[in-house]
Amino acid sequence: WEFNGSFYQPSAFLMMGIPGLEALHHWISIPFCALYLIALLGNCMILFIIKKTQSLHEPMYYFLSMLAVTDLGLVLCTLPTTLGIFWFNIRRIGFDACLTQMYFIHILSFIESSVLLAMAFDRFIAISHPLRHPSILTKTTVIKIGLAIILRGMVSLLPIPFLLKRLTYCGKTELSHSFCFHPDIMNLACTDIKVNVFYGMIILLSTVGMDFIFIVLSYILIIKTVISLATKEECLKALNTCVSHICAVLVFFIPMIGLSMIHRFGKNVPPLVNTLVAYTYLIIPPALNPIIYSIKSSHIREALLRTLRRKNG
């Protein structure tokens, strides 16, 4: 392909599986299928248990429901293209379809970040102001927070597809992943992408970056409150309610920050590392979150056991 200076937009992109391991894609699909199945069943189970258990109708579990719905959305966004490559070697994705997938992946990632912040705020209020917790986080307030989170993600990312559509592409159409990612598409352009880079960085820092900072601040305040508690048992009991949330935060933010750094600064990083970090970011959190909350939350665990006993009975 030769670029002659005129505007060019490809009709489709070619997605990439795991570089260097194309011959093993059918075998590699087995752990991916297992992770997708765990994510789908686990998050549906969380939603079912919270809906059916009246004692779980409180802010902490409403936010957990939002997290489960977001994780289901992320799984459903990436599952068709990922398994399409592994099973049938379907690499082609239309330009507009790619932008649509990219938009929803980024929206759901931003929503997950915001939900984790809301859960940190819930833990702070529950530990620091336990008597005021029901009056501060009412059902109406939780609904408003949920709507604000969705609106924030949709509006902040709305310009991204249009910023990509205005670019001229040079003929190179091979993406780095089995899904569409903004920096990945942007780097295929042969015109100035400074606006895309600047806008992407500003949005990332002002949303996910700020969420992470406020989560850290919430836990600093939580730790200060816990330290002031009278007994060691009270301290451990208060911190134990935060363990599952801390695990969910680490599982989400560490690979996300790693992938962002690789795309922006890791020009010499091996493609295999880039691919593995991307899959860790988009597949591992939806699969692990239900397991983390089922193990660490006694209320979820007990409700699950009651449900299983009723079915067996």
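Quick caveat, the model's predicted, so the values are computed rather than measured. (Residues numbered from 1 in each chain as written. Predicted model: local features only at pLDDT ≥ 70, side-chain atom pairs only at ≥ 80, totals over all residues. Heavy atoms only, no water.)

Of regular secondary structure, the protein chain possesses 12 helices and two strands. Dimensions of the protein chain along its principal axes, counting C-alpha atoms only, are 70 × 45 × 35 Å. Counting across all 313 residues of the protein chain, residues that qualify as buried make up 49%. Within the protein chain, contacts between residues separated by at least 24 positions form 81% of all contacts whose residues are at least 6 apart in sequence. (Helix = DSSP H or I, 4+ residues; strand = E, 2+ residues; numbered from the N terminus. Buried < 20%, exposed > 50% of the residue type's maximum accessible area, 1.4 Å probe, protein only. Contact = heavy atoms within 4.5 Å.)

The first and last C-alpha atoms of helix H5 (residues 139–157) sit 28 Å apart over 19 residues, in line with the 27 Å expected at 1.5 Å per residue. Buried residues along H5 sit in contact with helix H2 (59–88), helix H3 (95–128), helix H6 (159–165) and helix H8 (194–227). (Expected span 1.5 Å × (residues − 1).)

Turning our eyes to something else, we now look at the packing of H3 against helix H11 (residues 271–296). Close contact between H3 and H11 brings their axes to 12 Å; oriented N to C, the two are set at 35°. Handedness of the crossing formed by H3 with H11: left-handed. Of the residues in H11, those in contact with Ile 105, Ser 109, Glu 112 and Met 119 of H3 are Tyr 281, Leu 282, Pro 285, Asn 289 and Tyr 293. Grouping the amino acids of the contact of H3 with H11 by side-chain chemistry returns six nonpolar, two polar and one charged. (Axes fitted to C-alpha atoms, helices over the stretch in contact; angles between N-to-C directions. Left-handed = near helix turned anticlockwise from the far one by under 90°. Nonpolar A, V, L, I, M, F, W, Y, C, P; charged D, E, K, R; others polar.)

Of all residues in the protein chain, 96% attain a pLDDT of 70 or more, and the chain-wide mean is 88. Confidence scores differ between elements of the protein chain, with helix H9 (residues 232–240) showing the lowest mean pLDDT of 75 and H5 the highest of 95. (pLDDT = per-residue confidence, 0-100.)

So, on to empty space enclosed by the protein. Applying the stated criterion across every chain yields a total of three cavities of 30 Å³ or more. Computed from the structure, the largest cavity encloses a volume of approximately 190 Å³. In terms of lining, the largest cavity is formed by 14 residues, of which the most central are His 106, Phe 110, Gly 200, Leu 204 and Arg 264. Elements represented by at least two residues in the lining of the largest cavity include exactly H3, helix H7 (182–186), H8 and helix H10 (243–265). Grouping the amino acids of the lining of the largest cavity by side-chain chemistry returns nine nonpolar, four polar and one charged. (1 Å grid on protein atoms, 1.4 Å probe; cavity = no way out; pocket = protein on both sides within 12 Å on 5 of 7 lines; lining within 4 Å. Points joined across faces, edges and corners; volume = space filled by probe spheres on them.)

According to UniProt, the feature "transmembrane region" (unreviewed entry) maps to residues 24–50, 62–90, 102–121, 142–164, 197–222, 243–264 and 276–295 in the numbering used here. Across residues 197–222, helical content stands at 100% and strand content at 0%; the span's end C-alpha atoms are separated by 36 Å. Summarising residues 276–295: 100% helix, 0% strand, and an end-to-end C-alpha distance of 26 Å. (UniProt positions renumbered as here; feature names shortened; annotations may be inferred.)

Overall, the coordinates contain two disulfides when judged by the stated rule. Linked covalently through their sulfurs, Cys 170 and Cys 190 form a disulfide whose S-S length is 2.2 Å. Taken together, the positions of Cys 170 in the loop between H6 and H7 and Cys 190 in the loop between H7 and H8 put the pair 20 residues apart, joining distant regions of the chain. According to the relative accessible area criterion, Cys 190 is partly exposed, its value standing at 29%. In the protein chain, the bonded cysteines, numbered by position in the sequence, are linked as 1-3, 2-4. In this structure Cys 44 is a free cysteine whose sulfur lies 15 Å from that of Cys 77, the closest cysteine sulfur available. Free cysteine Cys 77: the closest other cysteine sulfur is in Cys 180, separated by 11 Å. Owing to a relative accessible area of 17%, Cys 77 belongs among the buried residues under this scheme. (Disulfide = S-S within 2.5 Å.)

Helix length check: H11, at 26 residues, gives a terminal C-alpha distance of 36 Å against a target of 38 Å (1.5 Å per residue), a fit within 8%. At Ile 284, H11 shows its maximal bend, which comes to roughly 40°, and the proline Pro 285 appears one to four places after that position. (Bend = angle between axes of the 7 residues up to and from the residue.)

Turning to unusual backbone geometry, a few remarks are in order. Despite not being glycine, Asn 89 has its phi angle at roughly 55°, a positive value. Its location among the elements puts Asn 89 in the loop between H2 and strand E2 (92–94). Its relative accessible area of 53% is what places Asn 89 among the exposed residues.

What follows deals with the environment of Val 249. Within the fold, Val 249 resides in helix H10. Residue Val 249 is classed as buried on the basis of its relative accessible area of 7%. C-alpha of Val 249 to C-alpha of Cys 180: the two residues are 69 residues apart in sequence and 24 Å apart in space.

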